[in-house]
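Examining the three-dimensional arrangement
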Amino acid sequence: MPPKRALLDVDSTILERNLNILGTYDDPLQQLFPAPKEDIPSKLVKPTPGFCVKSRTTNNDKLFVNICQTDAIPAPEDISEAQLLEILQSDTPSTFRVPMSIGDARPEVDKSGQPATAYDVAINPVFFAKVEMNKLFKQFFLTVVFEGLQDKYSITINVDDFTVLKNRKAMGTLQLHRIQQREVNRKMNTEKKLIEELDVPTTSLMKMGAGTSKVHSLEEPGREPAYRLVKINTTNDGDQFLVADLFMPDVTNVAHLTLDITDDRIILESRHPAYLFDIFLPCSINQAAVAAQMNKSLGIITITMPVV
């Protein structure tokens, strides 16, 4: 008898309606001896850890699912909790999709030395933040992930027996994912009108005088990193976000960074190597809800700021 689903009662078309697999991890043999395939532009990315889910198959084999994040994968449409409930309760196919990359299965051992299998599932950082904050979105997302793993690897997961680990963000080392740019570009182009690129002048702290910020003074002025600042307008509830992407490829440790954010200003300093990024924002933001992430493999720091 198949196990009873404890997360959400989702019909059998959940994958077709709500899952977009953008790419998978390439193992070393596949990289050395690639099979002939269509020439599709792609790139390898290494996602950052998020949270880890422990469960078992119906054969009692232990498995770990590493939910990780990368901005190489586009975020799904930003919908509200009420809209998600409406989608789940409706018999009409929905256009809502969750872009994600499901990596290859790999052997790991648990803390007691027993064999287990680990899978990496990568999603966009903005959607990851929503999954972490909202119980319904987490239930929905884990249901889709379990369905995706079962479909891809022909396993049956006991969804009545899973645990989100509190003290471990990932089991083992996260693997590379190959993201097809054709898929990403196609999905991003559908939302092109929702993104506004902003041209904001920068102001050096060295010209502001002492006492204007908590940022430590530099013996030598830091160079300004290349950056992009965009405003994203969501289609449903009208929420807006400012997203700043800063290119700082030689910063390897977040401990070297100091970030201060007011309701209308960002100040980011790196001592080793010396960077200084200081801009006034074109609109006010919710400081309490700001999220920052560093992608070491790409050398990009992403700051997501809800507009008020």
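The numbering scheme is per chain: residues are counted from 1 as the chain's sequence reads. Local features in this predicted model are restricted to residues of pLDDT 70 or higher, and side-chain atom pairs are both shown and tallied only at a pLDDT of 80 or more, whereas totals for entire chains, interfaces and linings draw on every residue. Water and hydrogen atoms were dropped before computing side-chain values, which therefore reflect all heavy atoms in the structure.

1. Focus on the environment of arginine 168
Secondary structure is summarised from DSSP: a helix means a run of H or I of at least four residues, a strand means a run of E of at least two, and numbering begins at the N terminus for each. Take arginine 168: it is sitting in the loop between strand S9 (157–164) and strand S10 (177–180). Using a 1.4 Å probe on the protein chains alone, a residue whose accessible area is under 20% of its type maximum counts as buried, one over 50% counts as exposed, and one in between counts as partly exposed. We classify arginine 168 as partly exposed; its relative accessible area is 35%. In sequence terms arginine 168 and valine 53 are 115 residues apart; their C-alpha atoms lie 9.3 Å from each other.

2. Looking at the side chain of threonine 304
Looking at the element boundaries, threonine 304 is found in strand S18 (residues 300–306). Exposure remark for threonine 304: the relative accessible area of 14% places this residue in the buried category.

3. Concerning the nonpolar core
Counting residues in each nonpolar core, the largest one holds 30 residues, and the members touching the most others are Val65, Ile67, Met100, Val121, Phe141 and Val145. The set of elements that each furnish at least two residues to this core consists of strand S4 (48–57), strand S5 (62–69), helix H3 (81–89), strand S6 (98–102), strand S8 (115–123), helix H4 (125–133), helix H5 (135–153) and S9. Examining the composition of this core, we find that nine residues originate from one element, H5, more than from any other. Contact criterion: two residues are considered in contact whenever any of their non-hydrogen atoms come within 4.5 Å of each other. Look past the residues within four positions of phenylalanine 141 in its chain and what remains in contact with it is Ile67, Val98, Met100, Val121, Ile123, Phe127 and Val131. One finds Leu229, Ile261, Ile279 and Leu281 within the second-largest nonpolar core, a separate group that totals 21 residues. Only buried Ala, Val, Leu, Ile, Met, Phe, Trp, Tyr and Cys residues count toward a nonpolar core, and they belong to the same one when joined by side-chain atoms within 4.5 Å.

4. Focus on the environment of threonine 302
Relative to the elements of secondary structure, threonine 302 occurs in strand S18. On the accessibility criterion, threonine 302 (10% relative accessible area) is buried. The sequence separation of threonine 302 and aspartate 245 amounts to 57 residues, and the corresponding C-alpha distance is 4.6 Å. Excluding residues within four positions of it along the chain, threonine 302 makes contact with Asp71, Val243, Ala244, Asp245, Ala291, Ala292 and Gln293. Within the local environment of threonine 302, its side chain forms a polar contact with the side chain of aspartate 245, the two groups lying 2.8 Å apart. Definition of a polar contact: a pair of N or O atoms within 3.5 Å, with one able to donate and the other able to accept a hydrogen when the atoms are protein atoms, and with sequence-neighbouring residues admitted only if both atoms are side-chain atoms.

5. Overview of the sheet that holds strand S14 (residues 257–261)
DSSP calls a pair of strands paired once it identifies at least 2 bridges connecting them. Here we have three strands laid out as an open sheet, ordered S14-S15-S16, and antiparallel in their pairing. Two strands bound the open sheet, and with one partner strand each, they are S14 and strand S16 (275–280). Put simply, the sheet's adjacent strands are angled 5 degrees from each other on average, direction ignored. Pairing of strand S15 (residues 265–270) with S16 involves six bridges; the strand directions are antiparallel. Within the sheet, the bridge partner assigned to leucine 268 lies in S16 and is phenylalanine 277. Angles here are taken between N-to-C directions and fall from 0 to 180 degrees, while the axes themselves are lines fitted to C-alpha atoms, restricted in helices to the stretch in contact.

6. Some details on the packing of aromatic side chains
Ring geometry is summarised as follows: Phe, Tyr and Trp rings, the Trp one being its six-membered ring, pair when their centres sit within 6.5 Å, and such pairs are stacked at plane angles under 30 degrees, edge-to-face over 60 and tilted between the two. For the coordinates displayed, the defined rule picks out seven aromatic pairs. Centroid distance tyrosine 119 to tyrosine 153: 5.2 Å. Interplanar angle 45 degrees. Geometry classified as tilted. Here tyrosine 119, found in strand S8, pairs with tyrosine 153, found in helix H5; they are 34 residues apart in sequence, far enough to count as distant. Classification of tyrosine 153 by relative accessible area gives partly exposed; the value is 23%. Through successive ring pairs, a cluster of aromatic residues spans Phe127, Phe137 and Phe141. Two limits define a charge over a ring: the Lys NZ or Arg CZ must be within 6 Å of the ring centre, and within 35 degrees of the ring normal. The ring of phenylalanine 51 has lysine 138 sitting right over it, with the charged end atom 4.8 Å from the ring centre. Over the aromatic face of tyrosine 275 sits the side chain of arginine 223, whose NZ or CZ is 4.1 Å from the ring centroid.

7. Structural notes on unusual backbone geometry
A positive phi is found at asparagine 60, a non-glycine position, where the angle reads about 70 degrees. With respect to the secondary-structure elements, asparagine 60 resides in the loop between S4 and S5. One non-glycine residue with positive phi stands out, namely serine 154, at about 55 degrees. When you line up the elements, serine 154 lands in the loop between H5 and S9. With a relative accessible area of 69%, serine 154 lands in the exposed category.

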